[in-house]
Structure formats: structure tokens, C-alpha cells
Amino acid sequence: MVKLRVPASTANLGPGFDSFGCALSLYNEYTFEKCDHLEITGCPVEYCNERNLTVVAIKKTLQAMDQPWEGLKMEVDAHIPVSSGLGSSAAMIVAGAKGANALYGNPLSDQQLFELCTEMEGHPDNIAPAFFGGMTVSVMEQGKPLTVRFPVHPELRFLVLIPDFSLSTKMARSVLPQTISRADAIFNESHAGLLTIALERGDEALIRAAMQDRLHQPYRRSLIKDIDAVEKAAMEAGAISFCISGAGPTCLCLTKDPTLAGRLQDHLSTPNSRWKVLDLQIAE
Ligand code: HSE
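Below you will find a few notes about this structure. (Residues numbered from 1 in each chain as written. Predicted model: local features only at pLDDT ≥ 70, side-chain atom pairs only at ≥ 80, totals over all residues. Heavy atoms only, no water.)

1. Examining the layout of surface pockets
(1) Moving on: In this structure, the largest pocket occupies an estimated 670 Å³ of space.
(2) Moving on: Looking at the largest pocket, it is lined by 39 residues, and the ones nearest its centre are Val82, Ser83, Ser88, Ser89 and Met92.
(3) Moving on: Counting residues per element, the ones that place at least two in the lining of the largest pocket are strand S2 (20–34), helix H1 (53–64), strand S4 (72–78), helix H2 (88–103) and helix H5 (169–174).
(4) Moving on: Here the residues of the lining of the largest pocket are counted per class, giving 16 nonpolar, 17 polar and six charged.
(5) Moving on: Each of domain 1 (2–149) and domain 2 (157–280) gives at least three residues to the lining of the largest pocket.
(6) Moving on: In this structure, the second largest pocket encloses a volume near 220 Å³.
(7) Moving on: As for the second largest pocket, its lining consists of 15 residues, and the residues nearest its centre are Met211, Gln212, Gln217, Glu231 and Phe242.
(8) Moving on: Of all the secondary-structure elements, those providing two or more residues to the lining of the second largest pocket are helix H8 (217–220), helix H9 (227–236) and strand S8 (241–244).
(9) Moving on: Here the lining of the second largest pocket takes four residues from S8, the largest share from any one element.
(10) Moving on: A breakdown of the residues in the lining of the second largest pocket according to their chemical character gives eight nonpolar, three polar and four charged. (1 Å grid on protein atoms, 1.4 Å probe; cavity = no way out; pocket = protein on both sides within 12 Å on 5 of 7 lines; lining within 4 Å. Points joined across faces, edges and corners; volume = space filled by probe spheres on them. Helix = DSSP H or I, 4+ residues; strand = E, 2+ residues; numbered from the N terminus. Nonpolar A, V, L, I, M, F, W, Y, C, P; charged D, E, K, R; others polar. Domains from an automatic or database assignment.)

See the structure below:
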């Protein structure tokens, strides 16, 4: 029997589109056991079948290990909301890959599993933190993901603001332009570079300056109801910065203030939606 937990993750962090990611202290927990048929408990009935993303990842991993698929017992205790911008699909994929590998004595290396997971997800930004933990920056090198963790100032807290509606990543990517101007490319690469230093130092002014973006957020804001009101409330309450978490609709505030989550929750009244605030830490 194998037990594991996989963290939620926030991707992009403003300018680091499809590259930056951070593991957060909100988890899906799994128990896997070898079995001659498929048995899934702990998730809605529509996910209790072979289309379940974790099962798809298990089958891909078995294939990579030259092991036949017979079935599996899987118990799920999921806390990461689905289609919300908190890396739920990355967590499901990483759980399946790590779970299958562990059930067969870990024949595949971390890098092999990480590549398999990235291929399934299509980009490494959520997979890397879900797999390795911490704050990560990832690049694709000749079709393969290369990732490093970098340190973040220990006082920084990650507040996620989760609305009562979801948004598919497919939809959120469909509104992005195919090409961008040189000015926008320079804007994002320079801000992303600055962001690594700003987060390590915990320098609030640098973080605020660095977390701006021209590649995805301007195009996605119209898909997220009440985002203007939520951003205004967060910044007026004293957040260091505000951005869309991954493809949204969840948003992310950075702060060092342990009282911000409570104060923000009390003052977060929006016309068309309800938002829940969670005060999370980096999951190492
Ligand atoms: N970087 C991705 C995006 C994250 O913003 O579309 C969601 O998979």
C-alpha cells in the first residue's frame, strides 16, 4: 500500500507565464493498493472510472515501466478545488505517477516521472511545484522540462482568493493572442527576472514592481467576475501584490501580515460572486 499527498500550486505569479510555480499548503491525499480491478473511493461518482486523471497518469506510468494495467484500489481525500487555478490537474497527474512508481519499487527516476507528468499536462509550471515542492522556475529544453527551486523570504504568505465559480484552463488559454509585441516580451522577461530576487529578499516594493504582466492577465480579466472589486479590496487592505493564480479564476495576494486574510474576508463583498480567502504557506 502507498500513501502520499500532493500540494496545490499557483502558477505564473504575474510575469512568469507557463514557467513560475509555487507549491501551497493545501493538499490532495491518496492511498493506492494493487488490485485486479479498479476501485475508487472518496470522490464524486463521475470521477470513479478510467477517465479519472490520476488513473490516466497511473496507466501511462505503468506503460513507461513495462507493467500491465490490471486495476487498482485508490482512496482520495481531495482539498484542491477543480478548475480553479490551483493546480488540481497537476496534483492528480503527479499523484498517479508517483503512486504507480512507488507501488512497483520506484524503478523510474524523479526526472523521468517529472517528464512524463509534464508531457501529460502540456507545460511544467504547476507540475514542477506539485512534484518537487517549493517555488520553482521551469523551462523547456529540447522538449524536456528543466526546473530549479529558488528560495523565498520566510515571512511571505500566500493568500488565495477562491471564487464560487470555475474557469477551464482551455477557455482561459483560448483568449490569449498567438503573437505579442517585442515591448511586451521585454516587459515580461525583465519583470520575471526581477521577481526571483524580489521574492528571495522579501522586498515589498520590488515584489510589487516585479509582479506585473502583459502576456496573459490583461486578456483574462474579463473572464473573472468581480476581479476589479476583489483587487481593489485586497490592495486597500494592504496586500503587497495581486495577480491571477495560474489560469484563474482564483487570485493570489502576497503579504507578510498574518491578519490580512481575516480582514479581507470580512470586507470582501462583491456584486456577483462570493470569494473564500485561504492563508497558505509554501509547501516544501
Ligand atoms: N500557465 C498556465 C496558464 C497555468 O496560465 O494557462 C494553467 O495550467
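2. Comments concerning the pattern of salt bridges
(1) Moving on: By the definition in use, this model includes eleven salt bridges.
(2) Moving on: Among the ionic pairs, Glu236 bridges to Lys232, the shortest N-O distance being 3.3 Å. Taken as a pair, Glu236 and Lys232 lie in helix H9 at a separation of four residues, close to a single helical turn. Note on accessibility: Glu236 and Lys232 belong to one class, exposed.
(3) Moving on: Beyond isolated ion pairs, a larger network of salt bridges with shared partners links Arg221, Asp228 and Glu231. (Salt bridge = Lys/Arg side-chain N within 4 Å of Asp/Glu carboxyl O. Buried < 20%, exposed > 50% of the residue type's maximum accessible area, 1.4 Å probe, protein only.)

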